[in-house]
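Fold and contact review
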Protein chains: 2
Amino acid sequence: MFIDRVELEPDELPKYWYNILPDLPEPLPKPMDPTGGDKIRFLEEVSIPECWRQEYTDERFVKIPDELRELYIHAGRPRPLYRAVRLEKALKLKKVKIFYKREDLSPTGSHKVNTALAQAYYAKKAGIETLVTETGAGQWGTALSYAAKLNDLNAVVFWVRSVYTWKRDRRTFMRLYGAKVYASPSKITEAGREGLKRGEKEGSLGLAISEGLEYASKKRNTAYALGSVLNHVLLHQTIIGLEAKEQFNKLDMYPDIIVACLGGGSNFGGISLPFMMDVLNKKKKIRFVAAQSEAAPNLIKGTYRYDYGDVAEYTPKLKMYTLGHKTRMPPIMADGLRYHAAAPIISLLRHHGYIDALAYPTDEKSIFQAAKLFTETEGWIPAPESSYAIRATIDIAKELDKKGEEKIILMNISGHGFLDLYAYRKKLFAK
Amino acid sequence: MFIDRVELEPDELPKYWYNILPDLPEPLPKPMDPTGGDKIRFLEEVSIPECWRQEYTDERFVKIPDELRELYIHAGRPRPLYRAVRLEKALKLKKVKIFYKREDLSPTGSHKVNTALAQAYYAKKAGIETLVTETGAGQWGTALSYAAKLNDLNAVVFWVRSVYTWKRDRRTFMRLYGAKVYASPSKITEAGREGLKRGEKEGSLGLAISEGLEYASKKRNTAYALGSVLNHVLLHQTIIGLEAKEQFNKLDMYPDIIVACLGGGSNFGGISLPFMMDVLNKKKKIRFVAAQSEAAPNLIKGTYRYDYGDVAEYTPKLKMYTLGHKTRMPPIMADGLRYHAAAPIISLLRHHGYIDALAYPTDEKSIFQAAKLFTETEGWIPAPESSYAIRATIDIAKELDKKGEEKIILMNISGHGFLDLYAYRKKLFAK
């Protein structure tokens, strides 16, 4: 019998996250604070203390606390690795093999739960009572609402208004976990009111971050939780790649190409960094491919420079590939890919030539066609964001196979599409 | 470290389904055909041959073909068994332990995939090209669309109109798998046109079955696939209980009470029958509880007699607890529980006193409150149907715990609620 699925036992769950900071080709540039320290102090004050410590730690492996491992296991980790035999067959591949990691099996439907649980766990330990955050597509907001509830914390979510308005089901989902959800720009923060004055009715991730930071800074026992970009977020997400490495070990295989979608970089970093370690240590060669949208092609059209993480400039500046923190980006269904900059770690690796990037047109036709083919063959419905990785994987696989190259591609299915059927209808079936 | 989840390895997937027919306290009453054979011949002609054979087989264990086991494994089987530690804590239970089986992890969101894959597999082997079916809540229609696609078959779905109209996302989901979906009553069948004439605009499961049977009988290489009630459907579903038994084995435990929701009986039968075997063989004592809706309390208010399975009387009569095949049932969110009769196997066991039943009010308030508590504590969002099992489990657990009884309850989470957030909003958050 052929088994196209590799599992790890619950007690095989990794005991450590991988911190890439000490292995980077040059030290990660420090944040720059034009106010001489105020913004960094501000950020430290609203952060979860342990996350702040992890942000610049030089430990290569950071221990995952046992209680948190229990939460991961409860949430279904380790997650399976699949060989996409049916997709390969549909593509008539002869040489190239495709594998995919199943982050879509998470309780709220995406990989975001990996860092949400960690942040909520550390917040609870530190005596924090409320977590505040921003969300774009809604995946991060839901994940944090879930993690907060499971750790007996309150959650407050500022949600980009253009998405908030039509994703009513996801709003219900967050509320089901007890979260307070505000459309951003809102009238309850200075940053929100300023945004409304500027006529930014639709909102943006950068503006929602500003609102959340401001809100958190004014409440007691309240911290801000970020869902992407920062080092500690990528650290928590390495659980994905660490599991996948162990799973490839069991197969006695190793991927030649790793593909993930990239907005801010948390799912891309999650699957890539544990493999990147082998590349930086010159043990392996891998081609890393970031699948982006032309709505926010930060790694492609952006420049590597210091920029703010949010619209209202509450954060310090970070060295990133950025399109500019006030850039307006056209709306797309894969709203999770719509961020002006890529994580500092990813940006530095891109700068040193370790990461390739592709961007797909904003009409997303080819994206949803890839999603449809994946659903028809593998049976699992992927999130629009994950479908960028599927599209890129299909394109790369076909090209390599034509050349007769025997390569192994690993892609990350960052989330499921059960809550994105409206987008599927609009893109595939609307006349 | 405490692990609240019991897994089986992919190769530990059961190799046989359990057929309860030879173990029943009396032989299952044969179908009755008022036409002297025409209806039975009709049903045989539109059936998948191997499923027809399995319907009355006396083998106690029916081999699951290897290729089908591969499909099950691809679809994520075996599925985990969870201990509901967090729910127990919220209920302040001291003596009673609650376990739940995770059928919600299926590709289309419910246990229906277990029989859909089997039926599609056998249909393909028999040279059938198109599968036709009915659906109520939409779970079965989606499962069959998925299974048909994975086995290179066409799917045609007649969907109860009252549900078809508002579950637009689920319609997109079926179409994504390539299915043709018609609202029932439709104008393309005699039964549909008759129904429309009678003014049955909203439709019913019984009428949709009539339409599908008629449609299938008039097309070449086309068979009808049923999602519940029949013996072979329950046979395929025993994979749920067989896995659960193996998982309790690993824990060196055994359930005292088994709870599942019941419409036609496929998920109830699936989790219960493998345990029922031990009860019928006098090895164990278990209390089996069917959680029903007052909209269709067939086991409670129904009578045990011969009745048709569909409105237009295409099927032979089966001996079942029935409310009458033309009974109109009020709409509820858990539409999957809205069927006039219970499966013949379940009905016979009920008749002999092996099964308890509870029915909950059609306002479904207490159901969605239970669903909310489950989501808040365990983190997974259950289907409205599954939430009946959760409600009943909570009620029973509290009562037993108060009496100080050390009991183990097993419940089946038959599906997830990602596509039912509209129902959650209406029931919990609408003003």
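Residues numbered from 1 in each chain as written. Chains lettered and ligands numbered in written order. Predicted model: local features only at pLDDT ≥ 70, side-chain atom pairs only at ≥ 80, totals over all residues. Heavy atoms only, no water.

1. Quick look at the overall build of chain A
Counting its regular elements, chain A contains 17 helices and 15 strands. For chain A, whose C-alpha radius of gyration is 20 Å, the value lies close to the compact-globule estimate of 22 Å for 431 residues. The principal-axis extents of the C-alpha atoms in chain A amount to approximately 60 × 55 × 40 Å. Of the roughly 15000 Å² of accessible surface on chain A, 48% is carried by carbon and sulfur atoms. The centroid of the 65 positive side-chain charges in chain A is displaced by 5 Å from the centroid of its 53 negative side-chain charges. (Helix = DSSP H or I, 4+ residues; strand = E, 2+ residues; numbered from the N terminus. Rg over C-alpha atoms; globule rule 2.2 N^0.38 Å. Areas by Shrake-Rupley, 256 points an atom, 1.4 Å probe, with all protein chains shown as cover. Lys, Arg positive; Asp, Glu negative; His and termini not counted. Charge placed at Lys NZ, Arg CZ, Asp CG, Glu CD.)

2. Focus on helix α8 (residues 168-176) of chain B
Along α8 of chain B, the positions that sit buried rather than exposed are Arg170, Arg171, Thr172, Phe173, Met174 and Leu176 of chain B. Remark: Gly178 of chain B follows α8 of chain B within two positions and exhibits a positive phi of approximately 85°. (Buried < 20%, exposed > 50% of the residue type's maximum accessible area, 1.4 Å probe, protein only.)

3. Re the relation of the copies chain B and chain A
Superposing chain B onto chain A requires a rotation of 180° together with a translation of 0.0 Å along the rotation axis, leaving an RMSD of 0.0 Å. Expressed as an axis order, the relation between the two copies is that of a two-fold axis. If distances are taken from each C-alpha of chain B to the rotation axis, the shortest is found for Phe418 of chain B, at 3.1 Å. The share of interface residues of chain B whose copies in chain A are also at the interface is 100%, consistent with both copies meeting through the same surface. (Least-squares fit on C-alpha atoms with pLDDT ≥ 70 in both. Contact = heavy atoms within 4.5 Å.)

4. Some details on the sheet that holds strand β5 (residues 97-102) of chain A
Residue and element names in this part refer to chain A. With respect to topology, seven strands assemble into an open sheet ordered β1-β4-β5-β15-β10-β11-β14, the strand pairing being mixed. Single-partner strands in this sheet number two, and they are β1 (5-6) and β14 (355-360). Pairing geometry for β1 and strand β4 (residues 81-83), over two bridges, is antiparallel. The residue of β4 that forms the bridge with Arg5 is Tyr82. (Pairing = 2+ DSSP bridges.)

5. Thoughts on the pattern of salt bridges
Enumeration over the complete set of coordinates arrives at 53 salt bridges over all chains. The salt bridge partner of Lys372 of chain B is Glu376 of chain B, with a shortest N-O separation of 2.7 Å. With a gap of four residues between them, Lys372 of chain B and Glu376 of chain B both fall in helix α15 (residues 365-378), about one helical turn apart. On the basis of relative accessible area, Glu376 of chain B is assigned to the buried category, the value being 18%. Linked through salt bridges whose partners overlap, the residues forming this network are Arg77, Arg79, Lys101, Glu103 and Glu243 of chain A. (Salt bridge = Lys/Arg side-chain N within 4 Å of Asp/Glu carboxyl O.)

6. Some points on the interface of chain B and chain A
Interface size is often expressed as the accessible area that is lost when the parts come together. The interface of chain B with chain A comprises 52 residues on the first partner and 52 residues on the second. If you sort the residues of chain B by the area they bury against chain A, His74, Leu176 and Phe418 of chain B come out on top, with a joint share of 16%. Applying the counting rule to chain B against chain A returns zero salt bridges. Our count for the chain B to chain A interface comes out at 16 residue pairs in polar contact (both at pLDDT 80 or more). Of all the secondary structure elements, the ones that give two or more residues to the side of chain B that touches chain A are α3 (66-74), α6 (139-150), α8, α15 and α17 (421-429) of chain B. Of the residues assigned to the side of chain B that touches chain A, the class counts are 26 nonpolar, eight polar and 18 charged. (Buried area = accessible area lost by both parts, 1.4 Å probe. Polar contact = N/O pair within 3.5 Å; in protein donor to acceptor, adjacent residues only side chain to side chain. Nonpolar A, V, L, I, M, F, W, Y, C, P; charged D, E, K, R; others polar.)

7. Considering the pairing of strand β5 (residues 97-102) of chain B
Residue and element names in this part refer to chain B. In terms of residue burial, β5 counts as a mostly covered element, since five of its six residues are buried. Relative to β5, strand β4 (residues 81-83) runs antiparallel, the two being bridged by three bridges. Its bridge partner being in β5, Arg83 is matched across the sheet by Phe99. When β5 meets strand β15 (residues 408-413), the two strands line up parallel, connected through six bridges. The residue bridging Lys101 from the neighbouring strand is Asn412, located in β15.

8. Quick look at the domain arrangement of chain A
Residue and element names in this part refer to chain A. Domains assigned within chain A are domain 1 (5-11 + 79-109 + 238-429) and domain 2 (14-64 + 110-231). Of note, the centres of domain 1 and domain 2, computed from C-alpha atoms alone, are 22 Å apart. Each side of the interface is counted separately: domain 1 has 58 residues, and domain 2 has 60 residues. With both chains or domains summed, domain 1 and domain 2 bury close to 4800 Å², and 67% of this area falls on carbon and sulfur atoms. Across the domain 1-domain 2 interface, the total number found is one salt bridge. Measuring nitrogen to oxygen at the nearest pair gives 3.7 Å for the salt bridge that ties Asp420 to Lys167. Scanning the region where domain 1 abuts domain 2 turns up 17 residue pairs in polar contact (both at pLDDT 80 or more). At the level of elements, α11 (231-251), α12 (266-280), β12 (303-308), β13 (317-322) and α14 (344-351) are the ones that each hand at least two residues to the side of domain 1 that touches domain 2. Counting residues per element, the side of domain 1 that touches domain 2 draws most heavily on α12, which supplies seven residues. (Domains from an automatic or database assignment.)

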